[in-house]
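Structure at a glance
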Amino acid sequence: MSVDIDTVKRVARLARIAVDEDDANRMTGELNAILGFVEQLNEVDVTGIEPMTSVIPMTMKMRQDEVTDGSKAEDIVANAPETGEHFFLVPKVVE
Amino acid sequence: MTELTKFTIAEIRAKLAAKEFTALELTEGYLAAIQTANERLNAYITVTADKAREMAKASDIRLAQGGARPLEGVPLGIKDLFATEGVHTQACSHILDGFKPRYESTVTANLWADGAVMLGKLNMDEFAMGSSNETSYYGPVVNPWRAEGGNKDLVPGGSSGGSAAAVAAWLCAGATATDTGGSIRQPAAFTATVGIKPTYGRCSRWGTVAFASSLDQAGPIARDVRDAAILLKSMASVDPKDTTSVDIPVPDYEKAIGQSVKGLKIGIPKEYRVDGMPSEIEALWQKGIDWMRDAGAEIVDISLPHTKYALPAYYIVAPAEASSNLARYDGVRYGLRVPGRDITEMYENTRAAGFGREVKRRIMIGTYVLSAGYYDAYYLRAQKVRTLIKRDFEQAFDAGVDAILTPATPSAAFGIADQDMSADPVKMYLNDIFTVTVNMAGLPGIAVPAGLDANGLPLGLQLIGRAFDEETLFRTAHVIEQAAGKFEPKRWW
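Quick summary incoming for the structure in this document. (Residues numbered from 1 in each chain as written. Chains lettered and ligands numbered in written order. Predicted model: local features only at pLDDT ≥ 70, side-chain atom pairs only at ≥ 80, totals over all residues. Heavy atoms only, no water.)

1. Observations regarding the side chain of threonine 191 of chain B
Residues and elements named next belong to chain B. Stated formally: Helical segments are the DSSP runs of H or I of at least four residues, strand segments are the runs of E of at least two, and each set is numbered from the N terminus. Think of a polar contact as two N or O atoms within 3.5 Å of one another; within protein, one of them needs to be a possible hydrogen donor and the other a possible acceptor, and neighboring residues in sequence only count if both atoms come from side chains. By definition in these notes, contact holds between two residues if any of their heavy atoms fall within 4.5 Å.
With respect to the helices and strands, threonine 191 occurs in helix α6 (residues 185-191). Looking at threonine 191, its side chain comes within polar contact range of the main-chain oxygen of proline 187, at 2.8 Å. Within polar-contact distance, the side chain of threonine 191 engages the side chain of threonine 193 at 2.9 Å. Not counting residues within four places of it along the chain, the set of residues in contact with threonine 191 comprises Asn143, Trp145, Pro156, Ala164, Ala165, Ala168 and Pro458.

Here it is in structure tokens:
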């Protein structure tokens, strides 16, 4: 399978990365090189093989459902580019 | 003073106890060495001199009072992927511009609790995506090794290029690193240092910037096998904050060193004899086989038939996981924000300006293979192939093999801005051909220096072990180290 420039632009949109015409052109070539490389996986017979979900067999750890952390609003917003009263500020999303 | 920086961690431990020098003197020695060398090598992106002195002074008090901890006063460098409280943590990406976490990663917290001293944060490929340290926002790291008679700058490998270069150039006694497809072992091989990627689940991933969560593992890069064992003992832990951290007590890895390998079965996988492999690598591998046999190990030929599919499967699984993990960099909660007309444009502009080319490429691949209609053809198939890769290893170990010996890399270190590699991303990816299988199967792997090529550049061998059997790796790697000797770069910087 290979991708064309329109697919690259669509994927960039899904990934929320702005691309111009030059970027999209370059990426089309690069992505096709990588997709060409992974193509060889089609040679492998995977009939009846379970997909891997965990490299080390283990059961999910459980813990008591109780509060172990919190009251850190100051810490949580400390690295944000724009904040106000412990809220993250973003451009207007609802008119 | 600079001579202080030549001691191994084991030597530092003995000499601090014998009061031959103080922890502060040692730390000052390293800070002076960094000051002289870093402009040329670019291994550190931040030096935490005040913090280092403070920690060293605290160690001296402990040493005087007789309460020394396992790494008391040992100066370490920390890969920029580990969250360090109040200190630059950006995974060497522009998108995390100015990020200073309010918390400490479990791995580094373990090291400080054991008395280690932080010298600073080390350069790396952006978000650990790369095999040459050239994708860093802070520019490439220069390998302290140069070809005999040459003065060309070589890469130290990646993604833990700063860690490997700093250890090799005596700019820290040891370093933390991480390995998703070979990022500890390949740079270790390129710099004649020892690097171990432990079993998935051995070191907590909490507070380590995520790349591909099912593959990422932290481990040390050190001057020798014993130092790697000492560091891993402190880095590893059982951590309730990481659900994939495994509930097995951490053994005293150092005890494995010096134990005989007599009667151990060492597997030699024929699939690692790849087309176009330089004859020097082939010869080095044979030397390794001879050393193991001479030490009393039994050599057996094995087959790992799905080896060649590990790298292509990795380039589906790792980008897919990366595209999900890196979705959090949105210009809202931390790091860089580039304005736009609306919120979507703000996201797109931020991510376009904040991520470098290689990172964008992988996010794009990941987004594509996970997108509607392609999931089964790519991601699901790759995860099935991964099951087969793991099964290959299981069958070898079930047949009685104790460890597997392979080359660590398909070549020695190459030049910075190599034309072939920059023209074709897949060429760069092939650096990890011998290491990536181990991540796909979650197993432990160690790279140990084994010789120099015709140009005088280091080459390494890799040993792969059963899950949670790092001890056999330290034991066997030590045999290679004893036989091969140690290698040091000539100081030109």
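2. Regarding the environment of valine 436 of chain B
All names here are of chain B. What counts is decided by this rule: Using a 1.4 Å probe on the protein chains alone, a residue whose accessible area is under 20% of its type maximum counts as buried, one over 50% counts as exposed, and one in between counts as partly exposed.
Along the chain, valine 436 falls in helix α15 (residues 436-441). Classification of valine 436 as buried rests on a relative accessible area of 1%. In sequence terms valine 436 and serine 183 are 253 residues apart; their C-alpha atoms lie 9.3 Å from each other. With sequence-adjacent residues up to four places away left out, valine 436 is seen in contact with Gly181, Ala310, Leu311 and Tyr314.

3. What about the interface of chain A and chain B?
Test applied: Buried area is a sum: the accessible area each of two parts loses on coming together, probed at 1.4 Å, counted once for each and added. Definition used for salt bridges: Asp or Glu carboxyl oxygen within 4 Å of a side-chain nitrogen of Lys or Arg.
Between chain A and chain B, the residue contacts involve 49 residues of the former and 71 residues of the latter. Buried surface at the junction of chain A and chain B, both sides included, amounts to about 5400 Å², of which 70% is carbon and sulfur. When residues of chain A are sorted by the area they lose upon contact with chain B, Leu41, Met52 and Asn79 of chain A head the list and together hold 13% of the total. Joining chain A to chain B, the criterion identifies 6 salt bridges. The partner of glutamate 30 of chain A in a salt bridge is arginine 361 of chain B, and the shortest N-O contact between them spans 2.9 Å. Along the contact surface separating chain A from chain B lie 19 residue pairs in polar contact (both at pLDDT 80 or more).

Just geometry here; none of it tells us what the structure is for.
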